[in-house]
Amino acid sequence: MLPKGLEKQLNILDFSLTSLWRRKLKNLSIMLVFALVIFLLGSFQMLTGALTSSAEAVLENTPEITIQKMSAGRQEAIPLAYIEKLRSIYGIRAVIPRIWGYYFDESNLANFTILALELGSMPFDSNLNLTLAHGHFPKKTEPGTAVIGRSVQDILGLDKRRTFSLFRPDLSLKSFKVVGVFSQQTDLLSNDLIVMNLTDARDLFGIPVSMATDLCIYVANPTEIETIAKKIAVLLPDTRVLTKSQIQKTYQVVFSWRSGLASICLLTALVAFAILAWDKASGLSPEEKREIGILKILGWETGDILAVRFWESTLVSALAFIIGCTAAYIHVAFFDASLLKAVMVGWSVIHPPFKLLPSVTLADLLLIFTFSVLPFLGATVIPAWRCATVPPDSVIR
Amino acid sequence: MRPSHTLFIFLLLLIIIDGMLYLHAKRLSKDLKEDQAIQAIAVAGLGLTDLGVATEARYTRHPAVSDPMAPFMDHPGAIEHFPTGSFWSAPTNMFSQKY
């Protein structure tokens, strides 16, 4: 036997459900549009949250300091002579010159990232082969060899072929032999990568022996990174000094509510909701008013009528919220966020499969709930209260 | 059957689906931790700075080491035209710390 209060609420819930079902086309449409808006917002938040947390997890070991030479507001090659100047700063453990850049493959319209550095001097060097599906990284004694990402292999159509050629700036061809392919596990980082020897990269890009693209600096004491960065900036005023914390910070802000698509999603949601709320708040239909009047004549109290309206709004908005959030998770986890991915990768020919864990945090769910469900409840219950307080005979007449 | 009972059955169905998704998330999280350990080695060993999500423009391939002005550097008065530029917000506070 249910307590009397609960039994009453169950009866009101039954009445609300029947009332919703009577106008099923209208209510189902509202719920679907509402769920769609929540789905879009939820998908965006889950995808960007997943990318941000992935970046946070894997970019822990980026170079402690990166130095780029600037000229006329653009990055240009940095002279290796700067390494000698840097030796005067106490606390620098290693300075590693790096050559990297982009190679546009005109036949496939794909952008590859070419990377070359002295692998033997980098941290975790001994474990680096774990990142490969097969093969090994190019050794100093193996000129003309390269390790490639999985998409590079696909786009170049290598299949079982081991050699490929790239154009130098003077349009002469340089051939490479594939000695390794990156593992599927590193796709998010290495999908478009071609790793080679420094000598080969210089030859490919036409960079003089005395130059590099940038310098990676590792310090003896990580707590001194900021101090050493300041000293470098003073010593080499024509350079831009990036610290590890700045690089990590990038991904905390790069996908945010301020980004264009997020603003569009948010604005669309707000406009959709504003139209809905305006429609609701502008008053009930004569039929709904008459229904309230009849209920009051039959002995219903104002509180009971408000309870009916509350249950109706709660059911529509809460079900839309649950369905929208569930669909958003399924969209990101099982369908690679395919609706957002098209916008996110743009004209990129190479893009990794999004094997990501959708970020579902209480804070995000509460934010979406607060922006969608609570205002909807307010917008539907308040007009009902205004109508319920009017004498019933004036409503049904 | 009372309408509320139908609702409870529907809610139960949603709870079961969400529970299964929760279990899926737990398993995926475990798989991804293994992948992230390998990715961390690649980052340390190759000095990588960015995720390779969008490769169409240098400022979306390597936002961490690109200048925030890079999208507008093609010529004086250039406007940003890559589709991904609408998704990625400029890392505004990245260069706020001057050395």
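Note that the structure is a prediction, hence the values are computed from the model and not measured.

Let us look at the overall build of chain A. Broken down by element type, chain A carries 14 helices and 13 strands. On C-alpha atoms alone, chain A measures out to a radius of gyration of 31 Å, which is more than a quarter above the 21 Å that the 2.2 N^0.38 rule sets for 397 residues. Expressed along its principal axes, the backbone C-alpha trace of chain A runs to roughly 95 × 50 × 45 Å. Considering chain A as a whole, with its 397 residues, one finds that 38% of them fall into the buried category.

This part covers the pairing of strand β4 (residues 92–105) of chain A. Residue and element names in this part refer to chain A. Alignment of β4 against strand β12 (residues 214–219), held across six bridges, turns out to be antiparallel. Considered in β12, the bridge of P97 is made with L215. Two strands pair when backbone bridges link them, and β4 and strand β5 (residues 110–117) are joined in this way by eight bridges, in the antiparallel orientation. Each residue of the ladder has a partner; that of D105, found in β5, is A110. Turn length for the β4-β5 hairpin, with the two strands adjacent in sequence and antiparallel, is four residues, and the turn residue L109 shows positive phi of about 55 degrees.

Taking 1.5 Å of rise per residue, 33 residues should cover 48 Å, and helix α11 (residues 302–334) of chain A covers 47 Å from first to last C-alpha, within 8% of that figure. A positive backbone phi angle near 55 degrees is found at D336 of chain A, which sits one or two residues after α11 of chain A.

What follows concerns the domain arrangement of chain A. All names here are of chain A. In terms of domain boundaries, chain A breaks down into domain 1 (4–57 + 255–396) and domain 2 (63–246). On a C-alpha basis, the centres of domain 1 and domain 2 stand 49 Å from each other. When the residues that make up the side of domain 1 that touches domain 2 are grouped by side-chain class, the tally is four nonpolar, one polar and no charged.

Take helix α13 (residues 362–388) of chain A next. Residue and element names in this part refer to chain A. Taking 1.5 Å per residue as the helical rise, α13 with its 27 residues ought to reach 39 Å, and the 36 Å between its terminal C-alpha atoms agrees with that figure. Its maximal kink placed at T370, α13 deviates by approximately 40 degrees. Along α13, the residues that are buried comprise I368, S372, F376, T380, A384, C387 and A388.

We now examine the environment of H62 of chain B. Residues and elements named next belong to chain B. Take H62: it is sitting in the segment after α2 (58–61). The buried category is assigned to H62, around which 21 C-beta atoms lie within 10 Å. Expressed as a C-alpha distance, the spacing of H62 and D50, which sit twelve residues apart in the sequence, is 5.5 Å. Contact partners of H62, with chain neighbours within four places excluded, come to T49 and D50.

With 97 residues, the main nonpolar core has I38, I114, I194, V195 and V332 of chain A together with V43 of chain B as its most contacted residues. Ranked by the residues each element gives to this core, the list is headed by helix α2 (residues 24–58) of chain A, at 15 residues. Counting the residues that make up this core, at least three belong to each of domain 1 (4–57 + 255–396) and domain 2 (63–246) of chain A. Counting residues in hydrophobic clusters, the runner-up holds nine residues, among them L13, I305, A307 and W311 of chain A.

What counts and what doesn't
Residues numbered from 1 in each chain as written. Chains lettered and ligands numbered in written order. Predicted model: local features only at pLDDT ≥ 70, side-chain atom pairs only at ≥ 80, totals over all residues. Helix = DSSP H or I, 4+ residues; strand = E, 2+ residues; numbered from the N terminus. Rg over C-alpha atoms; globule rule 2.2 N^0.38 Å. Buried ≥ 20, exposed ≤ 12 C-beta atoms within 10 Å, placed from the backbone. Pairing = 2+ DSSP bridges. Expected span 1.5 Å × (residues − 1). Domains from an automatic or database assignment. Nonpolar A, V, L, I, M, F, W, Y, C, P; charged D, E, K, R; others polar. Bend = angle between axes of the 7 residues up to and from the residue. Contact = placed C-beta atoms within 7 Å. Core = buried A, V, L, I, M, F, W, Y, C linked by C-beta atoms within 7 Å.

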